[in-house]
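In case you want the letters, here they are:
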2 protein chains.
Amino acid sequence: MPETPRRAVGIAANRYGNRPTMKDVAARAGVGLKTVSRVVNGEPGVTPETERRVQEAIDALGFRRNDSARVLRKGRTATVGLVLEDLADPFYGPLSRAVEEVARAHGALLINGSSAEDPDREQELALALCARRVDGLVVIPAGDDHRYLEPEIRAGVATVFVDRPAGRIDADCVLSDNFGGARAGVAHLVAHGHRRIGFIGDMPRIHTAAERLRGYRAAMEDAGIAVEDAWTSLGATDPWRVRRAAEQMLSGPSPVTAVFSGNNRVTVTVIRVLAEQSRAVALVAFDDLELADLLQPGVTVVAQDAAAIGRTAADRLFRQLDGTQIAPERIELPTRLITRGSGELPPAD
Amino acid sequence: MPETPRRAVGIAANRYGNRPTMKDVAARAGVGLKTVSRVVNGEPGVTPETERRVQEAIDALGFRRNDSARVLRKGRTATVGLVLEDLADPFYGPLSRAVEEVARAHGALLINGSSAEDPDREQELALALCARRVDGLVVIPAGDDHRYLEPEIRAGVATVFVDRPAGRIDADCVLSDNFGGARAGVAHLVAHGHRRIGFIGDMPRIHTAAERLRGYRAAMEDAGIAVEDAWTSLGATDPWRVRRAAEQMLSGPSPVTAVFSGNNRVTVTVIRVLAEQSRAVALVAFDDLELADLLQPGVTVVAQDAAAIGRTAADRLFRQLDGTQIAPERIELPTRLITRGSGELPPAD
DNA sequence: CCCGCATCTGACAACGTTGTCCAGGCCCTA
DNA sequence: TAGGGCCTGGACAACGTTGTCAGATGCGGG
């Protein structure tokens, strides 16, 4: 006996509200089940006349193929997952959009979720996506241990890490040249005469933050400058901690004359603080900002191309899915220094 | 005979790469299929000892439940779809994020896609999501006829429209008070002495654009000002067309002394153009911008709360899903005028 | 010692689709 | 007209899970 009672309206009742199935369409059109399937999927071997009848029944009933069943049968979901850090972050919008465009070109949909920078949540999310049998996964890591994905990857889930490398597993990843970008940005300040340069960035356990810090240190070392502890602030990312950090390095015994800002969220606060200072403080910021050129002075930035990163990652993902067995690779995309004024200010001691 | 050959390694080969199923786990643990299901789902009625054995087998095999099959059986996907216009638009990031947060609180995942402002693509996307049997759909309409969703809604797909109302069907929608916001913004300019005020907005077939235009006209009428054709530009949204439109209304026989900008993409270009003018032109913009307060002068805006809109819509969606039969409703959220300087400039004739 | 009851376990069907395979009808040729 | 090949259509199983239901086991009481 069926669990769900049937209604006598010509459509079998089921759990999806009350949806017609191929069986219903077949009954109405007076053909076999498989014939409906053929029509729905545009397979050959159906007379125009039969096809018309089936199409009519489909329209009349408002039939829509149940992709869950289809997926179960076929084993491919035509869906890729994107685990990112925060969709509201302006850096991830274009990235996500780029991944979506590539997915769309391959006929796939995109499921995404935010980890909110929490490793546990990242794992939970990634595994939930795997349980839905996404064909592939683009992950912007929050944690630094991704061994939990090993069984999935072995089972055939294509995986690409973005923005930060994978932790403790060997996998494709697409990154910006954080080290080189930061080094070039700081070198730019040095070239304009600065020696006391501050760095405000995120926690060094985040790869990008660590690399940018390394770039800062390298540039300072290249210039033969000893970095004082008071010049670097790590882990401050919320507005008021950034503010305090900036104010401290601007007012200590050897105050900085220039600041290198480690990411866009930090930058907006730093700009505010610098605008309040009586003397002009130079600024170079990692990540571009929409209106950076309209500020006084324009903000000199080390820009990454979020869309290119997303596109590259997604391409890589689908190349994995196309079956070309390729060894995991680490792709580093160059950054671009855009001078707009703030980075060219001379030191004001 | 099975279509797919089985391998003699203790795991049945299947189409998902090579994944263990409950059957495999059951065989390894020496228990029945249903017992595994019970353990996986935390159902009661399993001895601790049995549970341990099953858990062990799960870990050893790296089993992960196949949600496709589960969905097929249960009829609920715990997934909601979001059809938006462009994820790269800074307005939609926070909105999407808010929807995701609410979904997460209800244990659901979010699939999203961009319509790129194309009605056909919106429909294609929405129907694809329905074919995957999302439980609910949040749609930011690109088109103005949504009757194609009628069968879906009847079949039980919860649906909420956001930012713009649904076309030709009766459904929940959550909007900003575009008319009131624009009217207040323009009235603000009038209050500061302006009479020749320009409006640059999107195509009026887009509801928000039409409403904001209506708000502009209402405010002008309230002030007893006859609007000249040359003062309004509709449909220009790409940078150089906006630029041309702005330059034209600033240089005609009766040049405007203030501009009301209809959305954030228009605004960034308008700001650039105004900065190039020799005389000061006042500006009020619909939609807030990240660095609006740091520009010279700060940009006065009519702000909508994207996160609140997304949250409200998602709440509404899950209320529909919770089965409370509620009549479709149109919810309008207020906007907020934030004065920062640009809107308070006096007319410079 | 046997019965009744509670607790735990497993066999089986069903979800809606697609792949395989076969049946029947048609046309063409010899 | 018989035989062969082709084209169309349909019956059936399988995908991996969960709900139903009945069987097995153990325990206590009469």
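What counts and how
Residues numbered from 1 in each chain as written. Chains lettered and ligands numbered in written order. Predicted model: local features only at pLDDT ≥ 70, side-chain atom pairs only at ≥ 80, totals over all residues. Heavy atoms only, no water. Helix = DSSP H or I, 4+ residues; strand = E, 2+ residues; numbered from the N terminus. Rg over C-alpha atoms; globule rule 2.2 N^0.38 Å. Buried < 20%, exposed > 50% of the residue type's maximum accessible area, 1.4 Å probe, protein only. Contact = heavy atoms within 4.5 Å. Least-squares fit on C-alpha atoms with pLDDT ≥ 70 in both. Pairing = 2+ DSSP bridges. Domains from an automatic or database assignment. Axes fitted to C-alpha atoms, helices over the stretch in contact; angles between N-to-C directions. Salt bridge = Lys/Arg side-chain N within 4 Å of Asp/Glu carboxyl O. Expected span 1.5 Å × (residues − 1). Buried area = accessible area lost by both parts, 1.4 Å probe. Polar contact = N/O pair within 3.5 Å; in protein donor to acceptor, adjacent residues only side chain to side chain. Nonpolar A, V, L, I, M, F, W, Y, C, P; charged D, E, K, R; others polar.

### Focus on the overall build of chain A
For chain A, the count of helices and strands is 12 helices and 12 strands. A compact globule built from 349 residues would reach a C-alpha radius of gyration of about 20 Å, whereas chain A, at 27 Å, exceeds it by more than 25%. Projected onto its principal axes, the C-alpha coordinates of chain A cover approximately 90 × 40 × 35 Å. Per-residue burial over chain A gives 56% buried out of 349 residues. Restricting to contacts in chain A with at least 6 residues of sequence separation, those with at least 24 account for 65%.

### Looking at the relation of the copies chain A and chain B
In the superposition of chain A on chain B (RMSD 0.1 Å, axial shift 0.1 Å), the rotation amounts to 180 degrees. As the rotation angle and translation indicate, the two copies are arranged about a two-fold axis. Judged by C-alpha distance, A:I111 is the residue of chain A that lies nearest the rotation axis, at 2.1 Å.

### Focus: the pairing of strand β5 (residues 172-176) of chain B
Residues and elements named next belong to chain B. Of all 5 residues that make up β5, 5 are buried, and the element is covered over most of its length. The two faces of β5 match: D172, V174 and S176 on one face and C173 and L175 on the other face are all buried. Note: strand β4 (residues 158-162) against β5, 3 bridges, orientation parallel. Looking at the pairing, V162 lines up with V174 of β5. Note: β5 against strand β11 (residues 330-333), 4 bridges, orientation parallel. When the sheet's bridge partners are listed, C173 is paired in β11 with R330.

### A short note on the domain arrangement of chain A
Split into domains, chain A comes out as domain 1 (1-65), domain 2 (77-176 + 307-333) and domain 3 (178-304). Spacing between the C-alpha centres of domain 1 of chain A and domain 3 of chain A amounts to 63 Å.

### A look at the sheet that holds strand β7 (residues 232-234) of chain A
Residue and element names in this part refer to chain A. Read from one edge to the other, the open sheet built from 6 strands follows the order β7-β6-β8-β9-β10-β12, with strand pairing classed as mixed. The sheet terminates laterally at β7 and β12 (336-338), the two strands that pair on one side only. For this sheet, the mean inter-axis angle between neighbouring strands, taken without regard to orientation, is 15 degrees. Direction of pairing for strand β6 (residues 197-201) relative to strand β8 (residues 258-261): parallel, over a ladder of 4 bridges. Across the sheet, residue G198 finds its bridge partner in β8, namely V259. In the packing of helix α9 (residues 207-222) onto the sheet, contacts are made with β6, β7 and β9 (282-286), and the angle to β6 comes to roughly 170 degrees. Strand contacts of helix α11 (residues 264-276): β6, β8 and β9, with the helix running at about 165 degrees to β9, the strand carrying the most contacts.

### What about the pattern of salt bridges?
All chains considered together, the criterion is met by 52 salt bridges over all chains. With a shortest N-O distance of 2.9 Å, A:R272 and B:D293 are connected by a salt bridge. On the criterion of chain membership, the pair formed by A:R272 in helix α11 and B:D293 in the loop between β9 (282-286) and β10 (300-303) is interchain, its members lying in two chains. By relative accessible area, A:R272 is classed as partly exposed at 26%. Linked by salt bridges that have partners in common, A:E49, A:R52, A:R53 and A:E56 make up one network.

### A short note on the sheet that holds strand β1 (residues 79-84) of chain B
Read from one edge of the open sheet, 12 strands run β11(A)-β5(A)-β4(A)-β3(A)-β1(A)-β2(A)-β2(B)-β1(B)-β3(B)-β4(B)-β5(B)-β11(B), paired in mixed fashion. Edge strands, defined here as strands with exactly one partner in the open sheet, are β11 (330-333) of chain A together with β11 of chain B. Averaged over all pairs of adjacent strands, the angle between strand axes in this sheet comes to 20 degrees, irrespective of strand direction. Bridge count for strand β3 (residues 136-139) of chain A against strand β4 (residues 158-162) of chain A is 4 bridges, and the pairing is parallel. The partner of A:V139 across the bridge, within β4(A), is A:F161. Against the sheet, helix α12 (residues 306-321) of chain A makes contact with β1 (79-84), β3, β4, β5 (172-176) and β11 of chain A, and its axis sits at roughly 160 degrees relative to β4(A), the strand it touches most.

### Brief notes about helix α5 (residues 92-105) of chain B
All names here are of chain B. In this model α5 runs 20 Å from its N-terminal to its C-terminal C-alpha over 14 residues, within 8% of the 20 Å that 1.5 Å per residue would give. The buried fraction of α5 is high, at 10 of 14 residues. The complete set of buried residues in α5 reads Y92, G93, L95, S96, R97, A98, V99, E100, V102 and A103.

### As for the interface of chain A and chain B
Many structure descriptions define interface size as the accessible area lost when the parts assemble. In this assembly, 62 residues from chain A lie in contact with 62 residues from chain B. Of the roughly 5900 Å² buried where chain A meets chain B, counting both sides, 51% is carbon and sulfur surface. On the chain A side of the interface with chain B, the three residues burying the most area are A:R64, A:R132 and A:R133, jointly 13% of the side's total. Across the chain A-chain B interface, the total number found is 14 salt bridges. Across the chain A-chain B interface, the total number found is 27 residue pairs in polar contact (both at pLDDT 80 or more). Among the elements of the structure, α4 (67-74), α5 (92-105), β2 (109-114), α6 (119-131) and α11 of chain A are those that each provide at least two residues to the side of chain A that touches chain B. Partitioned by chemical class, the residues of the side of chain A that touches chain B number 27 nonpolar, 14 polar and 21 charged. With 3 bridges joining them, β2(A) and strand β2 (residues 109-114) of chain B adopt antiparallel strand pairing. Counted as the bridge partner of A:L110 is B:N112 from β2(B).

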